[in-house]
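# Results of the structural survey
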Amino acid sequence: MSVNYTEAQKNRLAELGMDYAGLNQEFETPSEREKQYKTVEKQAVRENKGMLNHLLFESHQPKLVLLQEALEKALCREGFTQVTTPIIISRKFLERMTIDGTHPLNDQVFWLDHKTCLRPMLAPNLYEVSRNLMNITRPPLKVFEVGSCFRKESEGNSHLKEFTMLNLVEWGTPMEERVERLKDLATLVLEAADIPDYRLEEDDSVVYGKGLDVVGTNGLELASTSMGPHALDAAWKISSTWVGIGFGLERLLMYREKQQGIHRFSKSITYLDGARLNIK
């Protein structure tokens, strides 16, 4: 009768980044399993130490920071203007996005009090900033933000409670050019992120309705897109055609680095730049 790794051994190897398929390896005897476990764990520890040494003595910046910088530079070269807005937003901003007590996203919001919350998305602030900018300049207008968002997610392999979003919006894109422009902008971002393998699929967002999703070859959603005029625009007194895309940076890294869990590249005190910190 064959045996598998114990649950403790599986957890330890998974923490060190071992492929899930390898965790289900079968052995003829417990002694054979223990021998293999020691060998595999030693190798995984060595690899994690190597990643941390690379960070400490060569790159000095984690991949999440480097990715953010690369995306910011690419978008600024394309004529986008970067903005920074507050993490704490008002209830009325979410209500303008139709996120009220009956909306599916409402239960995922981190409320600070009756009137304020940690932003679950960048879109409300980008709407407000864009509205004010378009009072002093006419479209085309291109803006983007990179920053933390917060949702009460299930903390699965591809979700985080705190995650880093890139949201870009281009106001004034001609109606007949919107779909092609979305494809061009998706290509711009993914090339800057060094991700060549993806596809575009039609999807229906719970906020924006029909649009395109950027999907990896393994089926992982990398980004969602949207375009207007849209019914939400009226809450900000905006009447313009537009296109927008939102990317999760940790998810881009998970996909690019071929990892099975997103936490290795999250803002964490357990992992740093893909490596487990507690490797003794």
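Fair warning: this is a prediction, and the values are worked out from it, not measured in the lab.

What counts, and where the lines are drawn
- Residues numbered from 1 in each chain as written.
- Predicted model: local features only at pLDDT ≥ 70, side-chain atom pairs only at ≥ 80, totals over all residues.
- Heavy atoms only, no water.
- Helix = DSSP H or I, 4+ residues; strand = E, 2+ residues; numbered from the N terminus.
- Buried < 20%, exposed > 50% of the residue type's maximum accessible area, 1.4 Å probe, protein only.
- Contact = heavy atoms within 4.5 Å.
- Areas by Shrake-Rupley, 256 points an atom, 1.4 Å probe, with all protein chains shown as cover.
- Lys, Arg positive; Asp, Glu negative; His and termini not counted.
- Charge placed at Lys NZ, Arg CZ, Asp CG, Glu CD.
- Pairing = 2+ DSSP bridges.
- Patch = residues over 30% accessible without salt bridge, like charges linked within 9 Å, V, L, I, M, F, W, Y side chains within 5 Å.
- Salt bridge = Lys/Arg side-chain N within 4 Å of Asp/Glu carboxyl O.
- 1 Å grid on protein atoms, 1.4 Å probe; cavity = no way out; pocket = protein on both sides within 12 Å on 5 of 7 lines; lining within 4 Å.
- Points joined across faces, edges and corners; volume = space filled by probe spheres on them.
- Nonpolar A, V, L, I, M, F, W, Y, C, P; charged D, E, K, R; others polar.
- Expected span 1.5 Å × (residues − 1).
- Axes fitted to C-alpha atoms, helices over the stretch in contact; angles between N-to-C directions.
- Parallel < 35°, antiparallel > 145°, perpendicular 65-115°, else oblique.
- Left-handed = near helix turned anticlockwise from the far one by under 90°.
- Core = buried A, V, L, I, M, F, W, Y, C linked by side-chain atoms within 4.5 Å.

Okay, the overall build of the protein chain next. Looking only at helices and strands, one finds eight helices and 14 strands in the protein chain. Projected onto the principal axes, the alpha-carbon positions of the protein chain cover approximately 70 × 40 × 35 Å. In the protein chain, which comprises 280 residues, the proportion classed as buried is 45%. Here the contacts in the protein chain between residues at least 6 apart in sequence split such that 65% fall between residues at least 24 apart. Accessible surface, the protein chain: about 14,800 Å² in total, of which carbon and sulfur atoms supply 52%. Charge separation in the protein chain, taken as the distance between the mean sites of 35 positive and 40 negative side-chain charges, equals 5 Å.

With that settled, consider the sheet that holds strand 4 (residues 88-90). The three strands are arranged 4-6-5 in an open sheet whose pairing can be described as antiparallel. Only two strands of the sheet have a single partner each, and these edge strands are strand 4 and strand 5 (110-111). As paired strands, strand 5 and strand 6 (residues 116-118) are joined by two bridges and run antiparallel to one another. Residue Trp 111 lies in a different strand from strand 6, and its bridge partner there is Cys 117.

All right, on to a nonpolar patch on the surface then. A surface patch of nonpolar side chains, amounting to about 260 Å² of accessible area, comprises Ile 87, Ile 88 and Leu 112. In this structure Ile 88 comes out as partly exposed when scored by relative accessible area, which is 49%.

All right, on to the pairing of strand 7 (residues 141-150) then. Burial analysis of strand 7 places nine of its ten residues in the buried class, the great majority of the element. The pairing of strand 3 (residues 81-82) with strand 7 spans two bridges and is parallel. Paired with Thr 81 across the two strands is Val 143, which belongs to strand 7. Bridge count between strand 7 and strand 8 (residues 162-171): ten bridges; the pairing is antiparallel. Paired with Val 143 across the strands is Val 169, a residue of strand 8.

In this structure, the second largest pocket spans a volume of roughly 270 Å³. Looking at the lining of the second largest pocket element by element, the count peaks at three residues for helix 1 (residues 7-15). Tallied by class, residues from the lining of the second largest pocket come to four nonpolar, seven polar and four charged.

Turning our attention to helix 3 (residues 30-59). Along its 30 residues, helix 3 runs 41 Å from first to last C-alpha, staying within 8% of the 44 Å computed at 1.5 Å per residue. Those residues of helix 3 not exposed but buried are Arg 33, Tyr 37, Val 40, Ala 44, Val 45, Asn 48, Leu 52 and Leu 55. On the buried face of helix 3, the contacting elements are strand 1 (3-4), helix 1, strand 2 (26-27), strand 13 (271-272) and strand 14 (275-276). Positive backbone phi, approximately 65 degrees, marks His 60, located one or two places after helix 3.

The next point concerns the packing of helix 1 against helix 3. Helix 3 packs onto helix 1 with a crossing angle of 20 degrees between their chain directions and a minimal axis gap of 10 Å. Classed by the angle they form, the pair helix 1 and helix 3 counts as roughly parallel. The handedness of the crossing between helix 1 and helix 3 is left-handed. Where helix 1 approaches helix 3, its residues Gln 9, Arg 12 and Leu 13 are matched on the opposing element by Arg 33, Glu 34, Tyr 37, Val 40, Glu 41 and Val 45. Taken together, the residues that form the contact of helix 1 with helix 3 break down as four nonpolar, one polar and four charged.

Moving on, we come to the nonpolar core. Membership of the largest hydrophobic core comes to 58 residues, with the highest contact counts inside it found for Leu 166 and Trp 171. Secondary structure elements with two or more residues in this core: helix 4 (63-77), helix 6 (123-133), strand 7, strand 8, helix 7 (178-192), strand 11 (221-228), strand 12 (242-248) and helix 8 (249-256). Those residues within four positions of Trp 171 in sequence are excluded, and the remaining contacts are Tyr 127, Ser 130, Met 134, Pro 139, Pro 140, Leu 141, Val 143, Ile 238, Ser 240, Thr 241 and Trp 242. Tyr 5, Met 18, Phe 27 and Tyr 37 belong to the second largest nonpolar core, which has seven residues in total.

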